[in-house]
Amino acid sequence: MLQSELIAVRSAVRQLVESFGAAEYYQDQVDQGDHCDQLWNAMGDNGYLGVHLPVEYGGGGLGLTELAAVVEETAFAGCPLLALLFSAGVTGTVLERSGSQEQRERWLPGLATGRTRLSFAITEPEAGSNAHRIATTAVRIGDRYVLNGQKVFITGMESADWVMVVAALADSGLSVFLVDTSAPGLTWTPIRTVMNQPDRSHQVFFDDVEVPADHLVGSEGGGLKVAFTGLNTERILTSSICTGVGRYAVQHAVDYAKQRKVWDQPIGAHQAVAHPLAAAHMRIEAARAITDRACAGYDAGGEVGELANMAKYLGAAAGLEALDAAVNTLGGNGVTYDYRLAPYYWLVRMLNMGPVSKEMILNFVAERSLGLPRSY
Ligand SMILES: Cc1cc2nc3c(=O)[nH]c(=O)nc-3n(C[C@H](O)[C@H](O)[C@H](O)COP(=O)(O)OP(=O)(O)OC[C@H]3O[C@@H](n4cnc5c(N)ncnc54)[C@H](O)[C@@H]3O)c2cc1C
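Predicted model only: the values in this text are computed from it and were never measured. (Residues numbered from 1 in each chain as written. Predicted model: local features only at pLDDT ≥ 70, side-chain atom pairs only at ≥ 80, totals over all residues. Heavy atoms only, no water.)

S.K.: Tell me about the packing of helix α5 (residues 83-98) against helix α7 (residues 223-259), and name the residues and values.
M.R.: Two numbers describe how α5 lies on α7: the axes approach to 8 Å, and their chain directions differ by 145°. In this structure, the crossing between α5 and α7 has a hand that is right-handed. Residues Leu84, Leu85, Phe86, Gly89, Val90, Thr93, Val94, Arg97 and Ser98 of α5 touch α7, and the partners they reach there are Val226, Ala227, Thr229, Gly230, Thr233, Glu234, Leu237, Thr238 and Ile241. Of the residues belonging to the contact of α5 with α7, the class tally is nine nonpolar, seven polar and two charged. (Axes fitted to C-alpha atoms, helices over the stretch in contact; angles between N-to-C directions. Helix = DSSP H or I, 4+ residues; strand = E, 2+ residues; numbered from the N terminus. Left-handed = near helix turned anticlockwise from the far one by under 90°. Contact = heavy atoms within 4.5 Å. Nonpolar A, V, L, I, M, F, W, Y, C, P; charged D, E, K, R; others polar.)

Structure (structure tokens):
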């Protein structure tokens, strides 16, 4: 897509989100326990949710560059939607890259319109950051797999039609399965968090859950490779949602700092107020540049593990720095719901830890980029 077209898409996404009420709509949805369904469906109808998916499956035939722009602009407009990361981003990409022809035909059109929603489940209570310790098991019995185990923090289960699960298959290793959320033996309970966002996270339990054999994505034992096509996408999109919130925060703080006077000049004239916002703006722009490089590499079919990790680390950090500077700029108003800054804090704080923590990224860069020895 030409740069001018991408700018037009960004603007159209913002206008759509603003037509729903932007940050006010988002907070109302959170307060009512709703999921921004109307905005989600409108985004699907306008082709934004499947912008990166192939045209033959109802997508826009474009790439991660365009999906990252959609993610960033929804967040910039005040509606950071995690479901864009785990449903459209991770599961859409995994199916597109590793799904069979039948799986792509079955699931991608619904993902593109947003009428089919998927959650993604890899994290476990005991394994945490170490996916090699995954203890949820799958056993092949005839034409089915039978899953047993437990996942934690799985987001969006309450509105998901399917959950994509990484489980350890006896004798083969980690494998990826598509599980119907109405399957007998699959249950979940919400985890109360301070996240202030529409999609809740859950403990998920698998008790002899039967999965048809053709719901295996990719090969038996190929699960980590399959999952990582989506996990790199998620890292890149995590950067975009955080830089989007960061841009939102800086803009709100700048507008406020131009108006607010407690001495004779607006508070924005004080360098102690202006410099943190200027520094946050620069860090956001630097993170966006790395994120663009990661998207371009991904869209060109390259190996982007290093860039995806770096983008995630930098984007999440820049978003958090921007929010902190913005909250500080607003003084007491910064922590009120009315001024719509602090409610985004825990989302971005969490995204500095998940879907991969900043420490694990530093480990990755120290080892892979710098060749330093591994400590764990
Ligand atoms: C709100 C929310 C939504 C989530 N949504 C999903 C979802 O939809 N699907 C899903 O599968 N998961 C989801 N997660 C899980 C998330 O990805 C994990 O919480 C994250 O990967 C960290 O795992 P952990 O919580 O087990 O922390 P741990 O692995 O226990 O880590 C705890 C701390 O120790 C540090 N640490 C661990 N090992 C090392 C090491 N070797 N070197 C240095 N530091 C280390 C970590 O960096 C971290 O700071 C979600 C989490 C939250 C909070």
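S.K.: Can you break down the packing of helix α9 (residues 305-329) against helix α10 (residues 345-353) residue by residue, with the values?
M.R.: For the pair α9 and α10, interaxial distance at closest approach is 9 Å and the crossing angle is 155°. By the angle class used here, α9 and α10 are roughly antiparallel. Between α9 and α10 the crossing geometry is left-handed. From α9, Lys312, Ala316, Ala317, Gly319, Leu320 and Leu323 reach across to α10, where they touch Tyr345, Val348, Arg349, Leu351, Asn352 and Met353. Each residue belonging to the contact of α9 with α10 can be placed in one class, and the counts come to eight nonpolar, two polar and two charged. (Parallel < 35°, antiparallel > 145°, perpendicular 65-115°, else oblique.)

S.K.: How would you sum up the pattern of salt bridges? Please name residues and give values.
M.R.: Evaluation of the coordinates by the stated rule reveals 17 salt bridges. Residue aspartate 45 pairs with arginine 115 through a salt bridge whose shortest N-O separation is 3.1 Å. A residue pair is termed long-range when its members are at least 10 positions apart, and aspartate 45 in helix α3 (residues 37-45) and arginine 115 in the loop between α6 (101-113) and β1 (118-121) qualify at 70 residues. Of the residues examined, arginine 115 reaches a relative accessible area of 45% and is grouped as partly exposed. The closest approach of N and O atoms between arginine 140 and glutamate 220, which form a salt bridge, is 3.9 Å. Of the two residues, arginine 140 sits in strand β2 (residues 137-141) while glutamate 220 sits in the loop between β8 (216-217) and α7, which places them 80 residues apart along the sequence. (Salt bridge = Lys/Arg side-chain N within 4 Å of Asp/Glu carboxyl O. Buried < 20%, exposed > 50% of the residue type's maximum accessible area, 1.4 Å probe, protein only.)

S.K.: Break down the environment of isoleucine 267 for me, with residues and values.
M.R.: Mapped onto the fold, isoleucine 267 is located in the loop between α7 and α8 (271-299). Given a relative accessible area of 9%, isoleucine 267 falls into the buried group. Spatially, the C-alpha atom of isoleucine 267 lies 9.8 Å from that of valine 254, the residues being 13 residues apart in sequence. When sequence neighbours within four positions are dropped, the list of residues in contact with isoleucine 267 reads Tyr256, Ala257, Arg260, Val262, Val273 and Thr329.

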